[in-house]
Amino acid sequence: MVGPACSARRADGSACRATAGPDGKCFAHSPALRAKAQAARTKGGQNRATSARLGKLVPERLQAIYNLLEEVLNELHKGTVTPQVGGAMAHVASALIKLATAGEIELRLRRLEEQQANSNEKRR
Ligand SMILES: [Zn+2]
């Protein structure tokens with residue numbers, strides 16, 4: 001890690017070990033950086049086109065899991081969620097993603113097979 005560590009305490013009372021910014025606090029703990037992060041998030045909200053484009057590639061349900069995991073990462077950093085809870089959530093999310101991905105592939109394969117069957121029918 002570069003630079004001094006954050007001077008803030010996590011929710012469980014342990015020292016935050018993230019790299020500090022100019023005011024001695026990390027991105028999650030600094031009020032100034034927090035305002036900046038908030039602005040960046042608002043801007044992200046305005047950039048929905050990117051999110052919409054991503055949404056076309058990522059099934060809607062996976063997008064929701066992604067958003068939740070992103071939140072958990074932030075909570076883990078702040079210490080408002082225990083590593084046990086974070087780990088359990090990541091574990092369940094991983095199983096959900098595997099299931100959703102398998103379902104998506106199955107659906108696409110079925111569509112392709114139907115298309116193939118239809119075009120074979122026409123040729124006969
Ligand atoms: Zn911190």
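Note that this is a predicted model, so its numbers are computed, not measured. (Residues numbered from 1 in each chain as written. Predicted model: local features only at pLDDT ≥ 70, side-chain atom pairs only at ≥ 80, totals over all residues. Heavy atoms only, no water.)

Under the definition given, this model contains four salt bridges. When the shortest N-O distance is used, the salt bridge between Arg 110 and Glu 106 registers 3.3 Å. Here Glu 106 and Arg 110 lie together in helix H4 (residues 83–123), a separation of four residues that amounts to about one turn. On the basis of relative accessibility, which here comes to 40%, the residue Glu 106 falls in the partly exposed class. (Salt bridge = Lys/Arg side-chain N within 4 Å of Asp/Glu carboxyl O. Helix = DSSP H or I, 4+ residues; strand = E, 2+ residues; numbered from the N terminus. Buried < 20%, exposed > 50% of the residue type's maximum accessible area, 1.4 Å probe, protein only.)

In the contact formed by helix H3 (residues 60–78) and H4, the axes pass within 10 Å of each other and the chain directions differ by 165°. If you check the angle between H3 and H4, you find them roughly antiparallel. Crossing handedness for the pair H3 and H4: left-handed. Taken together, the residues of H4 that come into contact with H3 (itself represented by Leu 62, Ile 65, Leu 68, Leu 69, Val 72 and Leu 76) are Pro 83, Gly 86, Met 89, Ala 90, Ala 93, Leu 96, Ile 97, Ala 100 and Thr 101. (Axes fitted to C-alpha atoms, helices over the stretch in contact; angles between N-to-C directions. Parallel < 35°, antiparallel > 145°, perpendicular 65-115°, else oblique. Left-handed = near helix turned anticlockwise from the far one by under 90°. Contact = heavy atoms within 4.5 Å.)

With respect to the element layout, Ser 30 can be found in the segment before helix H1 (31–46). A residue is classified by how much of its surface remains accessible, and Ser 30, at 0% relative accessible area, is buried. Reaching out from Ser 30, the side chain makes a polar contact with the side chain of Asp 23 at a distance of 2.7 Å. (Polar contact = N/O pair within 3.5 Å; in protein donor to acceptor, adjacent residues only side chain to side chain.)

Bringing the environment of Ser 30 into the picture now. When the C-alpha positions of Ser 30 and Ala 20 are compared, they lie 8.5 Å apart, and in sequence the two are 10 residues distant. In this structure, Ser 30 is in contact with Asp 23 and Lys 25, ignoring residues within four places of it in sequence.

This next bit is on the environment of Asn 74. Here Asn 74 is to be found in helix H3. A residue is classified by how much of its surface remains accessible, and Asn 74, at 36% relative accessible area, is partly exposed. Spatially, the C-alpha atoms of Asn 74 and Ala 28 are 7.8 Å apart, while their sequence positions differ by 46 residues.

This next bit is on the coordination of the zinc ion. Protein ligation of the zinc ion involves Cys 6 (SG), Cys 16 (SG), Cys 26 (SG) and His 29 (ND1), the donor distances falling in the range 2.0 to 2.5 Å. Coordination at the zinc ion comes from four donor atoms whose angles at the metal span 107 to 115°, giving a geometry best classed as tetrahedral. When the donors of the zinc ion are listed by position in the chain, the intervening gaps give C-x9-C-x9-C-x2-H. (Donors = N, O, S within 2.8 Å, 3.2 Å for Na, K, Ca; no water. Tetrahedral: all angles 85-135°; square planar, octahedral: opposite > 155°, others 65-115°.)

Moving on, we get to the nonpolar core. Listed in full, the six residues of the largest apolar core are Cys 6, Ala 8, Cys 16, Ala 18, Cys 26 and Ala 28. Beyond its immediate stretch of four places on either side in the chain, Cys 6 contacts Cys 16, Ala 18, Thr 19, Ala 20, Gly 24, Lys 25, Cys 26 and His 29. (Core = buried A, V, L, I, M, F, W, Y, C linked by side-chain atoms within 4.5 Å.)

What follows covers H3. Taking 1.5 Å of rise per residue, the 19 residues of H3 would be expected to cover 27 Å, and the 28 Å separating its terminal C-alpha atoms lies within 8% of that figure. Taken residue by residue, H3 has Leu 62, Gln 63, Ile 65, Val 72 and Lys 78 as its buried positions. Note on H3: the residue one or two positions beyond its end, Gly 79, has a positive phi of about 85°. (Expected span 1.5 Å × (residues − 1).)

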